Amino acid sequence: FLMYLIFPMMLDACQIRSMLVNAIVLFAIRFLEEKRLRNIIIYILLIHVLWCFGMQGNNILEVVANNIFIDEVYANTNNYILTGVTSSDILNRSFLSSFVYIGGTGAILSLVIALLIYSKKKNIKVIGKLGLLPSIFNVSEIVVFGVPVVLNPIFIIPFIFSSIANLLISYLYK
């Protein structure tokens, strides 16, 4: 009897979460049609806010990323092959992976290094050691869920704004 009471509540919570994610994706697709610096900042902000609640923002907004970035990669490649000149428009997926998401989403590599140097708790140092090699290859899940950064107000602000700061510094000093 209890199962019949709990299951509809869980179903409603899943439906609400699904509707929220769909609304975020639709907003992102409509709002981020033009590839400007402001729109890329909003895109990165949406990814990190979703991560802060335990959802993989990169995977959820993959449709948006393909819509924004896929044509630019082909255009840059064709421009370089045909003319030998590199494009001045650097806002593409490779740029984000190389300069914005250093160590994974939220620039986790800096957190891993800080954990290894300054942490006094043994279990946090172990998470830092386990997360060092994956974060070099931009895989941040071990640290994000192990520390945890998810739902942790102390880590959420630097998690969100470190990538935005990386974007602005890398873009302005290209």
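These numbers were taken from a predicted model, which means no experiment stands behind them. (Residues numbered from 1 in each chain as written. Predicted model: local features only at pLDDT ≥ 70, side-chain atom pairs only at ≥ 80, totals over all residues. Heavy atoms only, no water.)

Novice: Just checking my understanding: could you explain the pattern of salt bridges for this structure?
Specialist: Opposite charge on two side chains permits pairing when their charged atoms draw close. The final tally for this structure, using the stated rule, is one salt bridge. The partner of Arg93 in a salt bridge is Glu62, and the shortest N-O contact between them spans 3.2 Å. With Arg93 in helix H5 (residues 93-100) and Glu62 in helix H4 (residues 62-83), the pair connects residues that are 31 residues apart, well separated along the chain. (Salt bridge = Lys/Arg side-chain N within 4 Å of Asp/Glu carboxyl O. Helix = DSSP H or I, 4+ residues; strand = E, 2+ residues; numbered from the N terminus.)

Novice: Whenever I open this one, the side chain of Ser163 confuses me. Can you help?
Specialist: Mapping Ser163 onto the fold places it in helix H9 (residues 153-172). Of the residues examined, Ser163 reaches a relative accessible area of 0% and is grouped as buried. At a separation of 3.0 Å, a polar atom in the side chain of Ser163 contacts the side chain of His48. (Buried < 20%, exposed > 50% of the residue type's maximum accessible area, 1.4 Å probe, protein only. Polar contact = N/O pair within 3.5 Å; in protein donor to acceptor, adjacent residues only side chain to side chain.)

Novice: Explain the packing of helix H6 (residues 108-118) against helix H7 (residues 122-136) here, please?
Specialist: If you want to describe how two helices pack, look at the angle between their axes and the distance between the axes. Between H6 and H7, the least distance of the axes is 8 Å, while the angle of their chain directions is 145°. Classified by chirality, the crossing of H7 by H6 is left-handed. On the side of H6, the interface is formed by Leu109, Val112, Leu115 and Leu116, while H7 contributes Ile124, Lys125, Gly128, Lys129, Gly131, Leu132, Ser135 and Ile136. For the contact of H6 with H7, the residue count by class is seven nonpolar, three polar and two charged. (Axes fitted to C-alpha atoms, helices over the stretch in contact; angles between N-to-C directions. Left-handed = near helix turned anticlockwise from the far one by under 90°. Contact = heavy atoms within 4.5 Å. Nonpolar A, V, L, I, M, F, W, Y, C, P; charged D, E, K, R; others polar.)

Novice: Help me understand H5 in this model?
Specialist: In an α-helix, one turn spans 3.6 residues, which is why side chains three or four residues apart end up on the same side. Among the residues of H5, those classed as buried are Phe95, Leu96 and Val100. Projected down its long axis, H5 carries its buried residues within an arc of 100°, all on one side. Summarising the contacts, the buried residues of H5 are in contact with helix H2 (37-52), H4 and H9. A side-chain oxygen of the first residue of H5 lies 3.3 Å from the backbone nitrogen of Ser94; this N-cap is Asn92. (Arc of directions from axis to C-beta.)

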